[in-house]
Amino acid sequence: MALKGPTEEEMRTVLMPLMLSGAKMLDKHCPKCGSPLFEKDGRVFCPICEHRKKQRQAEMKGVEERLMEKLNELANSLPDEVEQLEKHLRAMEKIIELLERYRKLEGGE
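This structure is a prediction, so every number in the text was calculated from the model and none was measured.

Undergrad: Hey, could you go over the domain arrangement of the protein for me, with residue numbers and the actual values?
TA: Domain parsing of the protein yields domain 1 (9–49) and domain 2 (56–107). Computed over C-alpha atoms, the centres of domain 1 and domain 2 are 38 Å apart.

Undergrad: So what's going on with helix α1 (residues 8–20)? Residues and values would help.
TA: The end-to-end C-alpha distance of α1, which contains 13 residues, comes to 17 Å, matching closely the 18 Å that a straight helix rising 1.5 Å per residue would cover. By the largest-angle criterion, Val14 marks the main kink of α1, which is about 25°, and a proline, Pro17, follows within four residues. Those residues of α1 that sit buried are Glu10, Val14, Leu15 and Leu18. Its buried side turned inward, α1 meets β2 (36–40), β3 (43–45) and α2 (47–75).

Undergrad: Can you lay out the pattern of salt bridges for me, pointing to particular residues and giving the numbers?
TA: When their charged atoms lie close together, side chains carrying opposite charge are able to pair. Taken as a whole and assessed by the stated rule, the structure comprises 3 salt bridges. Notably, a salt bridge pairs Arg43 with Glu50, separated by 2.8 Å at the nearest N-O pair. Judged by its relative accessible area of 42%, Arg43 falls in the partly exposed class. Here Glu50 falls in the partly exposed class, since its relative accessible area comes to 30%.

Undergrad: Let's hear about the confidence of the model for the protein: which residues, and what values?
TA: Across the protein, the average pLDDT comes to 88, with 94% of residues at 70 or higher. No element of the protein has a lower mean pLDDT than helix α3 (residues 82–108), at 87, and none a higher one than β3, at 96.

Undergrad: Which residues make up the sheet that holds β3, and what are the values?
TA: Strand order in this open sheet of 3 strands is β1-β2-β3, and the pairing throughout is antiparallel. The open sheet terminates on both sides in strands that have one partner only, identified here as β1 (24–29) and β3. With direction set aside, neighbouring strand axes in the sheet form an average angle of 30°. Note: β1 against β2, 3 bridges, orientation antiparallel. Its bridge partner lying in β2, Met25 is registered against Phe38.

Scoring rules and cut-offs
- Residues numbered from 1 in each chain as written.
- Predicted model: local features only at pLDDT ≥ 70, side-chain atom pairs only at ≥ 80, totals over all residues.
- Heavy atoms only, no water.
- Domains from an automatic or database assignment.
- Helix = DSSP H or I, 4+ residues; strand = E, 2+ residues; numbered from the N terminus.
- Expected span 1.5 Å × (residues − 1).
- Bend = angle between axes of the 7 residues up to and from the residue.
- Buried < 20%, exposed > 50% of the residue type's maximum accessible area, 1.4 Å probe, protein only.
- Contact = heavy atoms within 4.5 Å.
- Salt bridge = Lys/Arg side-chain N within 4 Å of Asp/Glu carboxyl O.
- pLDDT = per-residue confidence, 0-100.
- Pairing = 2+ DSSP bridges.
- Axes fitted to C-alpha atoms, helices over the stretch in contact; angles between N-to-C directions.

The structure is reproduced here in structure tokens:
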């Protein structure tokens, strides 16, 4: 579910500083979120969509880091007993699959 238009917080933290920096608010709106488009240095963009994309990327990076920590933890504590080792390896395989999915999502946006 995509948010429509800027929230009050986004207006304060994204739009207002942008206007104060000399960016020009256009009379056109983003087809994705409905926020006003801006122009700065010859570039027309939606600051809200860009801000939200950066937030998603930061959240995904945090998830990726936690998955890598868990993968390293499992790799450094492999048990000797075969059944437990198989469980460890299955868990590691699942983590690797999740990492691959997150990286595809990150590159696909």
